[in-house]
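Coordinate analysis (summary)
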Amino acid sequence: MRVDLNCDLGETVDGRATADDAALFPLITSASIACGFHAGDADSMYASCLLAIEHDVRVGAHVSYRDRAHFGRADLEVLPAVLIDEILEQLAALAGAAEKAGTDIRYVKPHGALYNRIVHDDRKADAVASAVAQFSPGLPLMGLSGSRVEAAAAAHGLPFLREAFVDRAYQRNGSLAPRKWPGAVLHGEDEIAARALTMVTEGTVRALDGTLLSIEVDSLCVHGDTPDAVAMARAVRRALAEAGVEVRAAV
């Protein structure tokens with residue numbers, strides 16, 4: 001049994017890091033790097049790619065709505081054609097930084113409000129998958145299992161990496177609970193590590209209302225900007241190792 005462990009990194013805002021990237025890179029196997037639209041810039045992208053090479057971590061593109069004002073967490077209405085162009089712009093920016101550092105993009109993961117929108121919005125999901133396929137046919141797309149973007153990825157010939165979140169609560173329909181809800185962002189490294197292990201070994205997670213959900217997991221995510229993210233990632237790695245689960249990049 002094995003699983004990938006990814007983290008959203010390179011999310012600098014006005015030159016200030018929102019996560020302890022240097023401490024997190026050694027603990028993960030894949031890094032979803034901000035491409036400038038919700039956070040990050042050319043310098044942070046390049047620095048993140050160098051850290052990825054140093055720690056044998058796969059580079060992923062963390063694409064977003066053009067929304068630095070709300071850290072990509074505002075649900076914007078963007079025409080599919082515009083969204084495709086914006087995703088291609090972000091992919092090109094990270095690809096340039098990755099090439100300069102000596103690596104490349106191995107997968108694409110949408111961020112924030114865009115990620116949540118393509119769980120149920122067919123048009124937006126198709127736009128995201130179309131952009132990825134235009135940029136690099138066959139490049140894996142990461143998202144929520146059973147979502148509309150999983151179907152869109154298949155329609156565009158893209159491998160799909162099913163993601164589960166160790167530090168976010170779920171609704172009974174399998175989507176993430178909005179951050180404004182009480183209990184939506186989880187804390188406590190021991191509880192989170194146990195939750196992660198159950199996700200991987202049993203394929204289940206408890207929703208906020210107590211419903212037991214079935215999930216399929218290729219990659220676990222720890223949000224870099226979650227308080228105590230480093231302790232959480234370390235606890236998750238330890239729990240998985242003790243249970244005999246190999247932590248390895250999915251791509």
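Here is a short report on the structure shown in this document. (Residues numbered from 1 in each chain as written. Predicted model: local features only at pLDDT ≥ 70, side-chain atom pairs only at ≥ 80, totals over all residues. Heavy atoms only, no water.)

Considering the overall build of the protein
Going by this rule: Comment: elements are numbered from the N terminus, with helices defined as DSSP H or I runs of at least four residues and strands as E runs of at least two. The cut-offs for exposure are 20% and 50% of the maximum accessible area for each residue type, with area from a 1.4 Å probe on protein chains only; residues under the lower value are buried, those over the upper are exposed, and the others partly exposed. The protein chains shown are the only cover counted for residues, whose accessible areas, like all others here, come from Shrake-Rupley with a 1.4 Å probe. Only four residue types enter the tally: Lys and Arg on the positive side, Asp and Glu on the negative side, with His and both chain ends excluded. All charge positions are set by atom: Lys at NZ, Arg at CZ, Asp at CG, Glu at CD.
For the protein, the count of helices and strands is 8 helices and 10 strands. Oriented by its inertia axes, the alpha-carbon framework of the protein measures out at about 40 × 40 × 35 Å. Of all 251 residues assigned to the protein, the portion counted as buried reaches 55%. Here the protein has roughly 10,500 Å² of accessible surface; of this, 50% comes from carbon and sulfur atoms. Measuring between centres, the 24 positive side-chain charges of the protein sit 3 Å from its 35 negative side-chain charges.

Side note on the pattern of salt bridges
Test applied: When a carboxyl oxygen of Asp or Glu lies within 4 Å of a side-chain nitrogen of Lys or Arg, that pair is called a salt bridge.
Applying the stated rule across the entire model yields 14 salt bridges. For Arg-117, the salt bridge is made with Asp-75, and the minimal N-O distance between the two is 3.0 Å. Separated by 42 residues along the polypeptide, Arg-117 in helix 4 (residues 112-117) and Asp-75 in the loop between strand 3 (58-63) and helix 3 (80-101) bring together distant segments of the chain. Residue Asp-75 is classed as partly exposed on the basis of its relative accessible area of 48%. In this structure, Arg-162 and Asp-218 form a salt bridge, with 2.9 Å as the shortest nitrogen-oxygen distance. Of this pair, Arg-162 sits in strand 6 (residues 160-165) while Asp-218 sits in the loop between strand 8 (212-214) and strand 9 (219-223), and the two are 56 residues apart along the sequence.

Points about the nonpolar core
Just so we agree on the cut-off: To qualify as a nonpolar core, a set must consist of buried Ala, Val, Leu, Ile, Met, Phe, Trp, Tyr and Cys residues joined through side-chain atoms within 4.5 Å. For this analysis, residues touch if any pair of their heavy atoms sits within 4.5 Å.
In this structure, Leu-94, Leu-141, Tyr-170, Met-199 and Leu-220 are the most contacted members of the largest nonpolar core, which totals 80 residues. With 8 residues, the single largest contributor to this core is helix 3. If we ignore the near neighbours within four places in the chain, the residues touching Leu-141 are Val-108, Pro-110, Val-128, Ala-129, Val-132, Val-149, Ala-153, Leu-158, Pro-159, Phe-160 and Leu-161.

Thoughts on helix 7 (residues 189-202)
Convention followed: Multiply 1.5 Å by the residue count of a helix minus one, and that product is the helix's expected span. Here, the arc refers to the directions that run from the helix axis to the C-beta atoms.
With 14 residues, helix 7 extends 19 Å from end C-alpha to end C-alpha; this agrees with the ideal 20 Å at 1.5 Å per step. Turning to helix 7, its buried residues number three or more, namely Ile-192, Ala-193, Arg-195, Ala-196, Met-199 and Val-200. Projected down its long axis, helix 7 shows its buried positions confined to an angular sector of 160°, all on one face. Pointing more than 90 degrees away from the buried face of helix 7 are the exposed residues Asp-190, Glu-191 and Glu-202. Looking one or two places after helix 7, you find Gly-203, whose phi comes out positive at around 70°.

Points about the side chain of Arg-168
Defined as follows: We call two N or O atoms a polar contact when they sit within 3.5 Å, provided that within protein one can donate a hydrogen and the other can accept it, with sequence-adjacent residues counted only if both atoms are side-chain atoms.
Along the polypeptide, Arg-168 turns up in the loop between strand 6 and helix 7. The charged side chain of Arg-168 is buried without a salt bridge, its nearest counter-charge being Asp-167 at 6.0 Å. In this structure the side chain of Arg-168 is engaged in a polar contact, spanning 2.4 Å, whose partner is the backbone oxygen of Ala-177.

Focus: the state of the cysteines
For the record, the criterion: Here, a disulfide means two cysteine sulfur atoms that sit within 2.5 Å of each other.
For the structure on display, the rule yields 0 disulfides. Between Cys-7, a cysteine without a disulfide, and Cys-221, which holds the nearest cysteine sulfur, the sulfur-to-sulfur distance is 6.3 Å. Unpaired in terms of disulfides, Cys-49 finds its nearest cysteine sulfur in Cys-35, a separation of 9.1 Å. With relative accessibility at 0%, the residue Cys-49 sits in the buried group.

Overview of the packing of helix 2 (residues 42-54) against helix 3
Keep this limit in mind: Helix axes are fitted only over the stretch in contact, all axes being lines through C-alpha atoms; the angle between N-to-C directions runs from 0 to 180 degrees. Roughly parallel here means an angle under 35 degrees, roughly antiparallel means over 145, roughly perpendicular means 65 to 115, and every remaining angle is called oblique. Less than a right angle of anticlockwise turn of the near helix away from the far helix marks a crossing as left-handed, whereas a clockwise turn marks it as right-handed.
The contact between helix 2 and helix 3 brings their axes to 8 Å, and the two run at 50°. Judged on the interaxial angle alone, helix 3 and helix 2 are oblique. Seen from above, helix 2 lies across helix 3 with right-handed handedness. Contact with helix 2, carried on its side by Met-45, Tyr-46, Cys-49, Leu-50 and Ile-53, involves Ala-93, Leu-94, Ala-97, Ala-98, Lys-100 and Ala-101 of helix 3 and no other residues of that element.

Re the pairing of strand 4 (residues 105-110)
Stated precisely, the cut-off is as follows: Two strands qualify as a pair provided DSSP detects at least 2 bridges between them. A crossover gets the label right-handed when its path from the first strand over the helix to the second runs clockwise, viewed with the strands pointing away from the viewer.
When you tally the buried positions in strand 4, you get 5 out of 6 residues, the bulk of the element. As paired strands, strand 3 and strand 4 are joined by 5 bridges and run parallel to one another. Across the sheet, residue Ala-61 finds its bridge partner in strand 4, namely Val-108. Viewed along the sheet, the connection from strand 3 through helix 3 into strand 4 turns out right-handed.

Some details on the pairing of strand 2 (residues 30-34)
The buried fraction of strand 2 is high, at 5 of 5 residues. Residues Ser-30, Ser-32 and Ala-34 line one face of strand 2 and the alternating positions Ala-31 and Ile-33 line the opposite face, and both faces are buried. As defined by bridge partners, strand 2 adjoins strand 3 across 5 bridges and the pair is classed as parallel. Bridge assignment links Ser-30 to a residue of strand 3, and that residue is Arg-58. Note that the unit made of strand 2, helix 2 and strand 3 has a crossover that is right-handed.

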